[in-house]
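One-letter residues, chain by chain:
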Amino acid sequence: MKYIPEQDRPAPGGRAAGIITALMLFLCIAAVAVFSYKRSLDPSIDLRDTVTRLVGLGEREAKAAEVQYSYTFDAREKPVFTLYRGNIVKSSRSGILFLDKTGVIVRSESIGFGAPIVRTNGSRLLVVDSGATDICVMDSESIRWQDRTDTAILNADISDDGYVAVITEAKRDNNVVRVYESHGVELFRKIIATDFAVSACISPSKKHLVLSSVATGVVGPFSRYKFYDMEGKELTEISFDSSGDLLPLFWFNRDDSIFAVGDSSAAYISPDGKVGWTERFRSVAGAAPAGDGRLAVAAQADEGAVLNVYTAKGEKDVSVMLQGMPKGLDAARGMVAVYTDDTVYFYDDHGVNTCIYDADDKILGVCLFDKRQAAVITEGEITVIGIE
């Protein structure tokens, strides 16, 4: 037997360490090759996501969501639900109920809304009656202020600082936009004579009123955005007339920039009122902010159903193929929930499907408390689930 001097003998585990090193080198080379190919197809592809998928970390099996609480409601009232300070708010013609996660009523207001529109900025709750005239703003303890319009309400929103914008019908023109400050004092009204107003809100800086409307042109209907100062003077406008895009819904980022979404497209509008980018789809099933400066969109694209999470620059932080036909989504920092007719899929910041909930009935909506808990609303039932 050949003798190997002690100083030349391979160290214990040296062969295994060499194999691991070679394997890691191979994975790095493969990741760079895959990333380079995907980057040539889509410049927004992230190297981290490529590595994650290559080593299989993104393919782990999703866990079943844990049912924590479940309770029923009268679906005949056609209530509207939203989350407010950890509670579930139920608005209907019989009044407004604040329910804790177990279904216990912790507060009630005997103000009925036949067709409620409910908005929250986190600290206050706005409820208006679509097709009627009632406006109500509440905080966690009481009703802060109320008002009535002289024409039917079409839409309303509340800003981070409690400013309220209400769109109503008009007696002679198309629409009127009423702007209230946080104590309920009406600041001004803006007459909309030619377009049809859809959404309006005050910017986080409290410097602008932004109005989304639908106009008509050679290409047919299209979206128009107008920016006004806090006295109602028009500053600038953006028209999507050349493309014919309809992007009636929008959300502000903290820097006054905007994410706008329609039935087949999404766009970014900079704080100075310029379109940064536009993305088009066959159809959009749902969209929502996924933290400041991020927009989650579930849509039907040419390649199938996708979930994309965009940054303000138009880069895709997440882009994954979806299971089933998406019907809607909700998003919170660190989590996106996409639901089909009867199933909810939960995705983390890396686009990994971490959790699944199978409902026994048609899903009407999903509300995320945070990245660990959600309320799933079906016909006549609310189920609170854990998604850790």
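Being a predicted model, the structure only gives us computed values, none of them experimental. Numbering of residues begins from 1 in every chain and follows the order in which that chain's sequence is written. The predicted nature of this model means local features are confined to residues of pLDDT at least 70 and side-chain atom pairs, given and counted, to a pLDDT of 80 or more, with totals for whole chains, interfaces and linings taken over all residues. Note: side-chain values were computed over all heavy atoms of the structure, leaving out hydrogens and water.

(A) View of the overall build of the protein chain. Going along the chain from the N terminus, every DSSP run of H or I of four or more residues is numbered as a helix, and every run of E of two or more is numbered as a strand. Counting secondary structure elements, the protein chain contains two helices and 33 strands. Here the term buried applies to any residue with accessible area under 20% of the maximum for its type, exposed to any over 50%, and partly exposed to those in between, with areas from a 1.4 Å probe on protein chains only. When the 388 residues of the protein chain are sorted by exposure, 50% land in the buried category. For the protein chain, the computed accessible surface area is about 19,400 Å², with 50% contributed by carbon and sulfur atoms. Here the Shrake-Rupley method, with its probe set to 1.4 Å, supplies the accessible areas, and only the displayed protein chains count as covering residues.

(B) Quick peek at the sheet that holds strand β22 (residues 275–280). Across the sheet, which stays open at both edges, the four strands sit in the order β19-β20-β21-β22 with antiparallel pairing between neighbours. Each edge of the sheet is formed by a strand with only one pairing partner; in this case those strands are β19 (249–252) and β22. Within this sheet the neighbouring strands show an average axis-to-axis angle of 15°, counted without direction. Two strands pair under a simple rule: DSSP has to find at least two bridges between them. In this structure, strand β21 (residues 265–269) lies alongside β22, joined through five bridges in antiparallel fashion. What sits directly across from Ala 266, in β22, is Glu 279. Under this scheme, a helix contributes an axis fitted over its contacting stretch, all axes are lines through C-alpha atoms, and angles between N-to-C directions fall in the 0 to 180 degree range.

(C) The nonpolar core, seen in detail. Membership of the largest hydrophobic core comes to 17 residues, with the highest contact counts inside it found for Val 344, Phe 346, Tyr 357, Val 366, Leu 368, Ile 385 and Ile 387. Within the residue set of this core, elements represented by two or more residues are β28 (335–339), β29 (343–347), β30 (353–358), β31 (363–370) and β32 (373–378). The set of buried Ala, Val, Leu, Ile, Met, Phe, Trp, Tyr and Cys residues whose side-chain atoms join them within 4.5 Å is what this entry labels a nonpolar core. Ala 305, Val 320, Val 338 and Tyr 345 belong to the second largest nonpolar core, which has 16 residues in total.

(D) Representation of the confidence of the model for the protein chain within the structure. Every residue is assigned a pLDDT by the predictor, reflecting its confidence on a scale from 0 to 100. Averaged over the protein chain, the pLDDT score is 89; the fraction of residues at 70 or greater is 85%. Any two residues whose heavy atoms approach within 4.5 Å are treated as being in contact. In this model, residues 19–23 is a region of pLDDT below 50 whose contacts with residues beyond four sequence positions or in other chains number zero contacts. In this model, residues 48–58 is a region of pLDDT below 50 whose contacts with residues beyond four sequence positions or in other chains number 18 contacts.

(E) Structural view of the sheet that holds strand β18 (residues 234–239). Read across the sheet, four strands follow the order β15-β16-β17-β18 without closing on themselves; strand pairing throughout is antiparallel. The open sheet is flanked by β15 (196–202) and β18, the only strands paired with a single partner. Mean inter-strand twist for the sheet, computed between neighbouring axes without regard to direction, equals 25°. The sheet contact formed by β15 and strand β16 (residues 209–217) spans six bridges and is antiparallel. Along β16, the bridge assignment pairs Ala 200 with Leu 211.

(F) Representation of unusual backbone geometry within the structure. The backbone of Lys 78 shows a phi angle near 50°, a positive value even though the residue is not glycine. Along the chain, the position of Lys 78 falls in the loop between β2 (66–72) and β3 (80–84). On the basis of relative accessibility, which here comes to 66%, the residue Lys 78 falls in the exposed class. We note that Asp 256 has phi near 75°; this positive angle belongs to a residue other than glycine. Note on placement: Asp 256 falls in the loop between β19 and β20 (258–261).

(G) Broad picture of the packing of aromatic side chains. Working definition: rings of Phe, Tyr and Trp (its six-membered ring) pair if their centres are within 6.5 Å, and the pair is stacked with planes under 30 degrees apart, edge-to-face with planes over 60 apart, and tilted otherwise. A full pass over the atoms with the stated rule returns nine aromatic pairs. For the pair Trp 145 and Tyr 180, a centre-to-centre distance of 5.0 Å together with 35° between the ring planes defines the contact as tilted. Pair noted here: Trp 145 is in strand β10 (residues 143–148) and Tyr 180 is in strand β13 (residues 175–180), with a separation of 35 residues, a long-range link. The class of Tyr 180 is buried, set by a relative accessible area of 1%. With a centroid separation of 6.4 Å and an interplanar angle of 75°, the aromatic rings of Tyr 225 and Phe 240 are classed as edge-to-face. One end of the pair, Tyr 225, is in strand β17 (residues 220–228); the other, Phe 240, is in the loop between β18 and β19, and 15 residues separate them in sequence. The same class applies to Tyr 225 and to Phe 240, which are both buried.

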